[in-house]
Amino acid sequence: MCSQSVVLTHRLLLTSIFFVLGYGVVPGMGQLEMIYAGTLEGTVHYLGMQPPSNVLKVLKDQEHCGAEVSIQTVQIHDAQGALSDAVVSVEGIKDVGQEAMEMERPVLNTRCAFAPRIGMARQGQELEIRNQDPILHNTHIKHRGRTFLNVAQVPGGNPIVKRLKRPGLHTIRCDKHVFMEGSLHVFDHPYYSMTNQTGMFRIESIPAGKHPIRVWHEALGILEKVVNVPEKGAVQVKFTYP
Amino acid sequence: MAYGERFFQPCLKTALALAFVLFSTSLAGCISEAEAIPAFARKYEVNCHVCHTRQPRLNPFGEQFLENGYQMPGTEDGGIVAKLKYGDLTLDQVSNYLGVLFATTGIEHTELKREIEGSGDQTELGSPTILRLFTAGTITNNVGFFVETTTIFGRSSELELGRAFVTLNNLGGMNWGHLRVGRFDPSAYFSMARGRPQFVPIGPKLAPPFGAFSTPTVNRWSLTQSAYASKFYGLFNRSRTAIQPYDSTLFNSPEEVGIDIHGRPFGDWFLYQVGVLNGGNERAGDSNNSKDWYVMTRFDYAQSHDFSANLSGFAYFGNHNAKVSTNADVSRSRYGVGARMRYKWLDIYGAYTIDRVTDLPSGMESTFDSTATGVTVEAHAMVTDRLLLGTRYDHLDAGGLLATRKSATFVGVQAKYYLRSNMAFTVRDDFNVRNVEGGTSAARNLRNRFSVDLSIVF
Amino acid sequence: MNIFMKRFGWALLMLGMAQPAFGGSEMTSLNMVEDGRTIYERSCLICHGASGKGDGPAAFYNAAFSASRARDFTVGNYKFRSTVSGSLPVDQDLFRTVTDGIPGSMPSFSGLSIEQRWQVVAYIKTFYSGFQEETPESISLNGSPIPSTAASIQRGKALFEEMDCASCHGKQARGDGSVALAGELKDSRGLLISPNDLTNRTGWKNGTTVRDMVRTLFTGLDGTPMPSYESQLAGHKEDAWHLANYILSLSHHE
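Residues numbered from 1 in each chain as written. Chains lettered and ligands numbered in written order. Predicted model: local features only at pLDDT ≥ 70, side-chain atom pairs only at ≥ 80, totals over all residues.

**Concerning the interface of chain C and chain A**
Then comes step 1: Residue-level contacts link 26 residues of chain C with 22 residues of chain A.
Then comes step 2: For the side of chain C that touches chain A, the secondary-structure elements that each account for two or more residues are α10 (178-181) and α12 (230-233) of chain C. (Contact = placed C-beta atoms within 7 Å. Helix = DSSP H or I, 4+ residues; strand = E, 2+ residues; numbered from the N terminus.)

**Considerations on the sheet that holds strand β11 (residues 160-163) of chain A**
Adjacent strands of a sheet form backbone hydrogen bonds with each other and so pair up, either parallel or antiparallel.
All names here are of chain A.
Then comes step 1: With respect to topology, 4 strands assemble into an open sheet ordered β6-β5-β8-β11, the strand pairing being mixed. Looking along the sheet, the strands with just one partner apiece sit at the ends: β6 (113-115) and β11. Sheet twist, expressed as the average angle between the axes of neighbouring strands with direction ignored, equals 20°.
Then comes step 2: Bridge count between strand β8 (residues 126-131) and β11: 4 bridges; the pairing is antiparallel. (Pairing = 2+ DSSP bridges. Axes fitted to C-alpha atoms, helices over the stretch in contact; angles between N-to-C directions.)

**A few points about the interface of chain B and chain C**
In many analyses, interface size is given as the accessible surface area lost on bringing the parts together.
Then comes step 1: Tallying the contact residues gives 31 residues for chain B and 26 residues for chain C.
Then comes step 2: Taken together, the elements giving at least two residues each to the side of chain B that touches chain C come down to α3 (60-67) and β15 (307-317) of chain B.
Then comes step 3: Considering each element in turn, the side of chain B that touches chain C owes the most residues, 3 residues, to α3 of chain B.
Then comes step 4: Of the residues in the side of chain B that touches chain C, the class split is 13 nonpolar, 12 polar and 6 charged. (Nonpolar A, V, L, I, M, F, W, Y, C, P; charged D, E, K, R; others polar.)

**Brief notes about the confidence of the model for chain B**
Residue and element names in this part refer to chain B.
Then comes step 1: With 84% of its residues at a pLDDT of 70 or more, chain B has an overall mean of 84.
Then comes step 2: Confidence drops under a pLDDT of 50 for residues 18-34, and excluding neighbours within four residues, the segment shows 54 contacts in the predicted structure.
Then comes step 3: Below a pLDDT of 50 lies the segment residues 81-87, which in the model reaches 13 contacts outside its immediate sequence neighbourhood of four places, other chains included.
Then comes step 4: Among the scores for the predicted complex, ipTM is 0.81 and pTM is 0.82. (pLDDT = per-residue confidence, 0-100.)

**A short note on the nonpolar core**
Then comes step 1: Grouped together as the largest cluster of nonpolar side chains are 91 residues, with contacts concentrated most on Phe61, Ala136 and Trp221 of chain B together with Cys47, Val120 and Ile124 of chain C.
Then comes step 2: Per-element accounting of this core gives the leading share, 5 residues, to helix α6 (residues 114-124) of chain C.
Then comes step 3: Other than its neighbours up to four places away in sequence, Phe61 of chain B contacts Val50, Cys51 and Pro73 of chain B together with Ile46, Cys47 and Ala58 of chain C.
Then comes step 4: With 63 residues, the next largest nonpolar core counts Val87 of chain A together with Met163, Met213 and Phe218 of chain C among its residues. (Core = buried A, V, L, I, M, F, W, Y, C linked by C-beta atoms within 7 Å. Buried ≥ 20, exposed ≤ 12 C-beta atoms within 10 Å, placed from the backbone.)

**Focus on the sheet that holds strand β17 (residues 221-229) of chain A**
Residue and element names in this part refer to chain A.
Then comes step 1: Taken in spatial order, the 4 strands of this open sheet run β14-β4-β16-β17, and their pairing is antiparallel. Here the strands that pair on one side only, and so sit at the sheet edges, are β14 (192-194) and β17. With strand direction ignored, the average angle separating the axes of adjacent strands in the sheet is 20°.
Then comes step 2: Here strand β16 (residues 209-217) pairs with β17 via 9 bridges, running antiparallel.

**Details of the confidence of the model for chain A**
Then comes step 1: With 81% of its residues at a pLDDT of 70 or more, chain A has an overall mean of 83.
Then comes step 2: Scored below 50 in pLDDT, residues 1-33 of chain A shows 21 contacts in the model against residues more than four places distant or in partner chains.

**A short note on α3 of chain B**
Then comes step 1: Most of α3 of chain B sits out of view: 8 of its 8 residues are buried.
Then comes step 2: Those residues of α3 of chain B that sit buried are Pro60, Phe61, Gly62, Glu63, Gln64, Phe65, Leu66 and Glu67 of chain B.
Then comes step 3: On its buried side, α3 of chain B packs onto β6 (178-184), β12 (256-263) and β15 of chain B together with α3 (45-48) of chain C.
Then comes step 4: Taken from the residues just after α3 of chain B, Gly69 of chain B is the one with a positive phi, measuring 70°.

In structure tokens form, the structure reads like this:
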């Protein structure tokens, strides 16, 4: 987020210079809107009962993966129902034309799971996949039914790098270990975040105006709200499942 | 108590029958008297379901492959694609032209009314056992052939020649006209092709004598498709043997000698077929110099997801193709409609036909009903990946000699268990809906038939 | 509409021929697509469907309970490629499949003339917009076949174990690995899919030569669980050929 702000400031500076030089009129309002940008802050809570963990038998590589795995997709962290791992994004927003930065974290195959289980990335970023387990994994990523990547990695095998070309939800599976699941959200703009263990999220430098805000959760589904982002300062928003 | 007993007995019988069906179907699997040509699957290196829903039923791809004279739809591949060749011969690919069907009736139990002398309940094992050999394919681009021979062990045990014809395809342009010459089944492209029912026609059991103009006693009615049956009592073919009312004839004959042409010149939605036959159920030669001819049109709706349907109609004009007992020639004609619908594993098809006899000798009009109709509807569905359940309804509104004619109505149920795609076990029961009606007619004498069959194509 | 388009295409082609300097090749390609459409509707539609979704009236029967059903051309998922995992196939890949067919599932359409096959390839590509946006490239197969010596086969066998091929294909490579037997392998349509029996070459879908095998190892089969081993085999130039030699040695073929 920090690096994105730097870029934005840089662009603001450029825009100002163009504006001062008299070019600012030509690109029109799109450029001007960006001068005013607010922050979106909020929380995501889940008020229902936590579903029981999904316990699956491991049929392959039990010596490393264990006899069974327990998967809890709804991670609640306090009595109020603070929900982590919910992906929050601003919808319908134009790409500000920033260059995508390098991805902060690669997708790891570690202890028979994908880490992070829920990932976020910017279109144009390079996705890196590594296998840290002493067994073979295959990372099978699909986007809208089309295979984005299906690669095998032996223990200590070469990391695999591929540029993310299209925005949208990418599902991640390992066909050899069917209990290994994950997803990667690829956005064509920088306005996205994920809730932490307090259920909170924060998205900075959003162009002012009314924007639909969308919350995605792996098990609980999608919530949407239209939020008026101010020209300066922060706006608070609260999402609650179900 | 008495009521309880009466209720209990049929109930127990049904339960036992059901248990037997379930037991048999769980044992193994197999096919019926299929008309699948495994040679084609071998030649094109594909599985059976590329052309069949379940043998012998065709899926839309199989129908177009058949129409195109055993060539891939829209091509003139000649079936010699990507194969090793020695000159013009494909010597090492004989198996690509040969197919074998083996079917045996494990148990057959027939319940008869005993109203005909000498008839009674019968249980037979291993009869009939059928071995059918096919050789079929394409010789070169747009030239195909088909020859089949059948041996039925336990009956005549003779080698019988079935269909044998040559195809010349795509005359005048792709899919414009496909010609067949020889002995072929005229209704091959009809909505309900005579040779492709899941309910295999069951032959009759006759008692002698079989003299000229004598009608043999039918102990057991033959379970053929009523829509395709001859329908008339008291008709004879030109060699003076009786044409039984259940015999498949005319447009829906298993094989007739002649020439026909079919095609889809306007695209996939419409098919035409026109043909000329010697007629008269004659195996060779033509004692009747006038010909029978027919026309069939078919409309297809087959573009949408998992669904296809078609509707067809035909008219068959006979010309002195039968005789009555006075040795006078009569003409039999048939008009019919048929339809088929497939949705995933549900397959429903049926036909309704009207038969007419014309040119009756004067004086016979009052003793001979010259109009008869027949209807057949079959429905099938795969209920698991191996089990096919089906039912058939047959009604024959008979014509012919008023003194002897009897209509017939039969319902069949069938469970087919596929051990593999080319092997199936069939458990089948057909019962006579009119069995409470009295009389010695064969149409009443057969009350119920139960069988377990096994069939293999390879 | 169809006839109109065709005539329109012809008219454009004539125009293109009359004035070759003005984009003659584009006109030809329009005509090529239209001709391809005619062939597609005759030969391919029955399985692949009018809109290319793999939902033609006969598609269901070919793979009602398990893979592989007719390809959905609108998604851009292609099994038989010479390109990296996740890429579209090059035209030659599509042409190869049309020509050779796929054992078990799709007949060979070599009954179409070479020109007609290229036309149908051009039409198939119109179902997915990605073909206009992406330029797929065939990958290098790391050299050429190496003799199938005992040492090569031995090395291939070690790689077979190292790459954990047995998980799916089984220790004896008969397509009976533990993951396969557990029924956990599904294709992109969610249909149960069986790994190939590597001891029986007649069922291999992506070709039976050592070169075909290396290509399959490198590209994987998109839309199926078979992953690409390219990056794992990339470091050691000849390993892919050793592994392919071993796999081919499991089946006897004249």
